Amino acid sequence: MPRPTYRSRKGWRRIFTRTPGGTTKLRYERKKHDYPKCAICGRKLNIPRLTIREERRGYRTPGRPYSGNVCPSCLRDGIKAAVRQLAGM
Ligand SMILES: [Zn+2]
């Protein structure tokens with residue numbers, strides 16, 4: 001019987017690995033998060049899928065504002081709208 005944490009498949013995935021002795025062993029690995037998506041249009045961002053641990057270790061997103069949250073085209077539209085509002089157009 002696996003450990004209680006591993007019984008739920010919510011955060012863990014099962015990997016069958018073959019050992020040098022030839023037997024198959026069950027190994028558990030943390031699942032990766034879903035693809036990061038744009039907060040406005042929902043399009044997939046150009047950021048890899050990461051595990052919680054990998055995210056914590058620091059994956060660097062592009063240097064532009066709202067990167068990792070909003071896609072470049074939505075950001076462009078947002079900046080244009082903000083500037084037009086400031087200019088009173
Ligand atoms: Zn978008």
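Everything numeric in this text was worked out from a predicted model, so none of it was measured. (Residues numbered from 1 in each chain as written. Predicted model: local features only at pLDDT ≥ 70, side-chain atom pairs only at ≥ 80, totals over all residues. Heavy atoms only, no water.)

### Let's talk about the domain arrangement of the protein
(1) Moving on: By the assigned domains, the protein splits into domain 1 (1-31) and domain 2 (33-89).
(2) Moving on: Taken over C-alpha atoms, the centre of domain 1 sits 35 Å from the centre of domain 2. (Domains from an automatic or database assignment.)

### A closer look at the pattern of salt bridges
A side chain with one charge may pair with a side chain of the opposite charge, provided their charged atoms come close.
(1) Moving on: This model, assessed by the stated rule, comprises three salt bridges.
(2) Moving on: Measuring nitrogen to oxygen at the nearest pair gives 3.2 Å for the salt bridge that ties E29 to R13. A residue pair is termed long-range when its members are at least 10 positions apart, and E29 in strand β2 (residues 24-30) and R13 in strand β1 (residues 12-18) qualify at 16 residues.
(3) Moving on: The partly exposed category is assigned to E29, whose relative accessible area is 31%.
(4) Moving on: On the basis of relative accessibility, which here comes to 41%, the residue R13 falls in the partly exposed class.
(5) Moving on: Note that D34 is salt-bridged to K37, the shortest N-O span being 3.0 Å.
(6) Moving on: On the basis of relative accessibility, which here comes to 43%, the residue K37 falls in the partly exposed class. (Salt bridge = Lys/Arg side-chain N within 4 Å of Asp/Glu carboxyl O. Helix = DSSP H or I, 4+ residues; strand = E, 2+ residues; numbered from the N terminus. Buried < 20%, exposed > 50% of the residue type's maximum accessible area, 1.4 Å probe, protein only.)

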